[in-house]
Amino acid sequence: MVNDGRRGEEDDCGPGAAHQGFIIMEALLEKLRVLDYEEVLAQHNAKYLTRHYFVSSPYLVSNPGEQFYMFAIIAAWLINKAGRPFTEPQEYDDPTATVSNILAELRAFGIKVDFPPSKLKSGSGEHVCFVLDRLAEEALKRRGFCFKRPVYPTEATEEECVVEDEAELTLDKVEEEMPEEPDDEEDENVVDLEALKLQTTRIEAEASSKPDEILHSTVDAAEWYLEVERVLPQLKVTVRTDNKDWRTHLDQMHRHRDGITSSLSEAQVYLNKLQEDISKTLEKVSSREKYLNNQLEHPIQEYRSAQAKLSEVKERYKQASGGVTERTRILAGKE
C-alpha cells in the first residue's frame, strides 16, 4: 500500500517527476564542489563524478558495486564534515550495516526517512541522491555557506540614433512631397505650382551636392595589403562544435552510414569471389571423397572379413589354451 501511495504521488507530480533525479544530482555536484570533495576522491584514487553519476536511468551505464562504494565513502565524508564522527566504511563491509549506519546519522540530523534501507544498496537512484543532498546541506550549514540568488549587472542602454538616408524613400516624405488633393471635384485638374517648385528645387540641390569627379584614395596599395594581411587572422570566425548536439550526432551517423555503404560495396566483390572459391573447393572435396569411397569399398570389405576371422581364431585359441591349463593342473595334482 505504501508503494501504491508513492506511485500515486508520482502520478500527481506530473511527467517531470521522472527527471527530478537529474536536477537533484546536478545540484548535489555543485554542493560537493563547494565542499572540495576532490580530497576524498584523491584519497581513494577515484575519478571525478559525472553530472548524472548517481542517477538511475536505462539510458545511463550503471555499475552497482562501484556506485555503492562511492556513495558510502562520500556519505561518510559528508557526515564528518557536518560535525559528527563517522568511521569510513571499507569496500568489503556488509552493505546492510553500512546503509543502516548512514540512515541513523541522517535521522540524527532531524531528517525524516520514509523509505526502506534496501533502496540504497543499488548505489543509484532518487533515494541515494536525496541522502547525499541532505548530508551536503548539513555540511554546508556547518561551514556557514548558503547559495544566494545571482545579481546581474545593470547595463546602460544606449539610445539608438536613427539616421535618415536621403536615398531612402519613406511614406512621410512622399506625403510631404505630394501635393494635397483638393476636396472639390471641380479642382481636380488644378496643378499646385508651389509644390512643383519646391520639389524641383530639392532635386537640383541634391544633384549639385554630388561630386563632379570620381574620388580617388590617397592610401598606398602596399600599405593597404599589409594592413589586410595583419587583420585577416582576427576576422576569422571559428565555430566550436558541441559533441552533445544532436545535429553533430546526426552528421556522424550519416558519415558512418556512407562509409559503411562504400566499404560494403568494395568488400562485396571480394566476399562473392571468396564464396565462389569456397564452393568450388567444397565440390572438389566432395567428388574426391566419393571417388575414394568407391575405390576403397572392396579393400574395406576384405579388411572387415579378415578382422572377423581373426576374432574367431583368437576365440578358439583362448578356448584351447584354457583346456591346456586345466589339464596341466590335473596332472600336477596326480603327481
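Source: prediction; values computed, not measured.

**A word on the packing of helix 4 (residues 64-81) against helix 6 (residues 126-143)**
As a packed pair, helix 4 and helix 6 sit with axes 8 Å apart at the nearest point and diverge in direction by 25°. Taken together, helix 4 and helix 6 sit at an angle that is classed as roughly parallel. Helix 6 is crossed by helix 4, and the crossing has left-handed handedness. Of the residues in helix 6, those touching helix 4 at Phe 71, Ile 74, Ala 75, Leu 78, Ile 79 and Lys 81 are Val 128, Val 131, Leu 132, Leu 135, Ala 136, Ala 139, Arg 142 and Arg 143. Considering only residue class, the contact of helix 4 with helix 6 consists of 11 nonpolar, no polar and 3 charged.

**Some details on the side chain of Thr 98**
Assignment of secondary structure puts Thr 98 in helix 5 (residues 95-108). Look past the residues within four positions of Thr 98 in its chain and what remains in contact with it is Phe 68, Ala 72, Pro 89 and Asp 93.

**Points about a nonpolar patch on the surface**
Residues Val 219, Trp 224, Tyr 225 and Val 228 make up a contiguous nonpolar surface patch of about 450 Å² in total accessible area. Relative to the helices and strands, Trp 224 resides in helix 9 (residues 221-231).

**Regarding helix 5**
Here helix 5 contains 14 residues, and its C-alpha end-to-end distance of 20 Å stays within 8% of the 20 Å for a straight helix at 1.5 Å per residue. When we look at burial in helix 5, the residues that qualify are Thr 98, Val 99, Ile 102, Leu 103, Glu 105 and Leu 106. Across the axial projection of helix 5, the buried residues extend over an arc of 160°, all falling on one side. Against helix 4 and helix 6 lie the buried residues of helix 5.

Conventions and cut-offs
- Residues numbered from 1 in each chain as written.
- Predicted model: local features only at pLDDT ≥ 70, side-chain atom pairs only at ≥ 80, totals over all residues.
- Heavy atoms only, no water.
- Axes fitted to C-alpha atoms, helices over the stretch in contact; angles between N-to-C directions.
- Helix = DSSP H or I, 4+ residues; strand = E, 2+ residues; numbered from the N terminus.
- Parallel < 35°, antiparallel > 145°, perpendicular 65-115°, else oblique.
- Left-handed = near helix turned anticlockwise from the far one by under 90°.
- Contact = heavy atoms within 4.5 Å.
- Nonpolar A, V, L, I, M, F, W, Y, C, P; charged D, E, K, R; others polar.
- Patch = residues over 30% accessible without salt bridge, like charges linked within 9 Å, V, L, I, M, F, W, Y side chains within 5 Å.
- Areas by Shrake-Rupley, 256 points an atom, 1.4 Å probe, with all protein chains shown as cover.
- Salt bridge = Lys/Arg side-chain N within 4 Å of Asp/Glu carboxyl O.
- Expected span 1.5 Å × (residues − 1).
- Buried < 20%, exposed > 50% of the residue type's maximum accessible area, 1.4 Å probe, protein only.
- Arc of directions from axis to C-beta.

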